[in-house]
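Given next are the chains, with one letter for each unit.
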Amino acid sequence: MDHLEVSARMSVRQGQLEGFKKQAAECIRETREKDTQTLRYDWYLSSDGTACEIREAYVNSAGLIEHRAHVGDALNKLFSEFADDHVVTVYGDASPQLVDLANAQMAGRVKWYSFLEGL
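Parameters at a glance
Residues numbered from 1 in each chain as written. Predicted model: local features only at pLDDT ≥ 70, side-chain atom pairs only at ≥ 80, totals over all residues. Heavy atoms only, no water. Axes fitted to C-alpha atoms, helices over the stretch in contact; angles between N-to-C directions. Helix = DSSP H or I, 4+ residues; strand = E, 2+ residues; numbered from the N terminus. Left-handed = near helix turned anticlockwise from the far one by under 90°. Contact = heavy atoms within 4.5 Å. Nonpolar A, V, L, I, M, F, W, Y, C, P; charged D, E, K, R; others polar. Buried < 20%, exposed > 50% of the residue type's maximum accessible area, 1.4 Å probe, protein only. Pairing = 2+ DSSP bridges. Phe/Tyr/Trp six-rings, centres within 6.5 Å; stacked < 30°, edge-to-face > 60°. Salt bridge = Lys/Arg side-chain N within 4 Å of Asp/Glu carboxyl O. Expected span 1.5 Å × (residues − 1). Arc of directions from axis to C-beta.

A.B. asks: Looking at this structure, I do not really get the packing of helix H2 (residues 61-81) against helix H3 (residues 96-105). What am I missing?
C.D. replies: Helix-helix packing is characterised by the crossing angle of the two axes and by the distance between the axes. For the pair H2 and H3, the least separation of the axes is 9 Å and the interaxial angle reads 35°. In terms of crossing hand, the pair formed by H2 and H3 is left-handed. Along the contact surface, H2 presents Ser61, Leu64, Ile65 and Arg68, while H3 presents Gln97, Leu98, Leu101 and Gln105. Here the contact of H2 with H3 is built from residues that sort into four nonpolar, three polar and one charged.

Right under this line is the structure:
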């Protein structure tokens, strides 16, 4: 697997759906304007508006590190005001630098999967 894929899940705080949507739009705007190695950054909201999943893809680990640097402040606001229960699953061969960074910021909330076999 040449690229890195990420699935991030979170819950929307009760009564905070509109603020959550506005902050999500800010994260997407910053990604669109600043990132150079992001292949996918799609946000999905559950039908009842209580949960969100983000499907992400990056050229490589450096792309995800770049993305996090660009949207860090916007994501910090999202999690301080509008979202909880953030967990992340990473698919692909992550660099040691990315693993260290993610484990420092999200200890115990990141699962790592290396590619085994596929089409």
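That covers the picture; the talk isn't over yet.
A.B. asks: What is the right way to look at the environment of Leu17 in this model?
C.D. replies: Tracing the backbone shows Leu17 in helix H1 (residues 17-34). Expressed as a C-alpha distance, the spacing of Leu17 and Gly49, which sit 32 residues apart in the sequence, is 6.8 Å.

A.B. asks: How should I be thinking about the pairing of strand E1 (residues 4-12) in this particular structure?
C.D. replies: Remark: a regular strand shows side chains that alternate across the two faces of the sheet. Counted residue by residue, E1 has seven buried out of nine residues, so it is predominantly covered. Taken together, the eight bridges between E1 and strand E3 (residues 51-58) define a ladder with antiparallel strand orientation. Its bridge partner lying in E3, Val6 is registered against Glu56. As judged from the seven bridges shared by E1 and strand E4 (residues 83-91), these two strands associate in the antiparallel manner. Its bridge partner being in E4, Ser11 is matched across the sheet by Asp84.

A.B. asks: How should I be thinking about the packing of aromatic side chains in this particular structure?
C.D. replies: The way to describe two aromatic rings as a pair is by their centre distance and the angle between their planes. In total, this model carries three aromatic pairs according to the counting rule given. With a centroid separation of 5.6 Å and an interplanar angle of 20°, the aromatic rings of Tyr91 and Tyr113 are classed as stacked. One end of the pair, Tyr91, is in strand E4; the other, Tyr113, is in strand E5 (residues 110-113), with 22 residues separating them in the sequence. Given the relative accessible area of 29%, Tyr91 is considered partly exposed. A relative accessible area of 40% places Tyr113 in the partly exposed class. Among the aromatic residues, those joined into a cluster by ring pairs are Phe20, Tyr41 and Trp43.

A.B. asks: Would you mind showing me how to read the pattern of salt bridges here?
C.D. replies: When charged atoms on two side chains of opposite charge get close, those side chains can pair. Taken as a whole, this structure holds nine salt bridges when the rule is applied. The shortest N-O distance in the salt bridge between Glu30 and Lys34 comes to 3.8 Å. Remark: Lys34 and Glu30 occur in helix H1; sequence separation between them is four residues, near one turn of the helix. You can call Glu30 buried: its relative accessible area is 10%.

A.B. asks: Please explain H1 as it appears in this structure.
C.D. replies: An α-helical turn contains 3.6 residues, so any two residues separated by three or four positions project in the same direction. If you check H1, its first and last C-alpha atoms are 26 Å apart, about what 18 residues at 1.5 Å a residue would give, namely 26 Å. Every buried residue of H1 is listed here: Gly19, Phe20, Gln23, Ala24, Cys27, Glu30 and Thr31. The arc enclosing the buried residues of H1, seen along the axis, measures out at 135°, which places them on a common side. In H1, the exposed positions that point more than 90 degrees away from the buried face belong to Glu18, Lys22, Arg32 and Glu33. Next to the buried residues of H1 lie E1, strand E2 (38-45), E3, H2 and E4.

Such coordinate-based values are descriptive only and should not be taken to indicate function.
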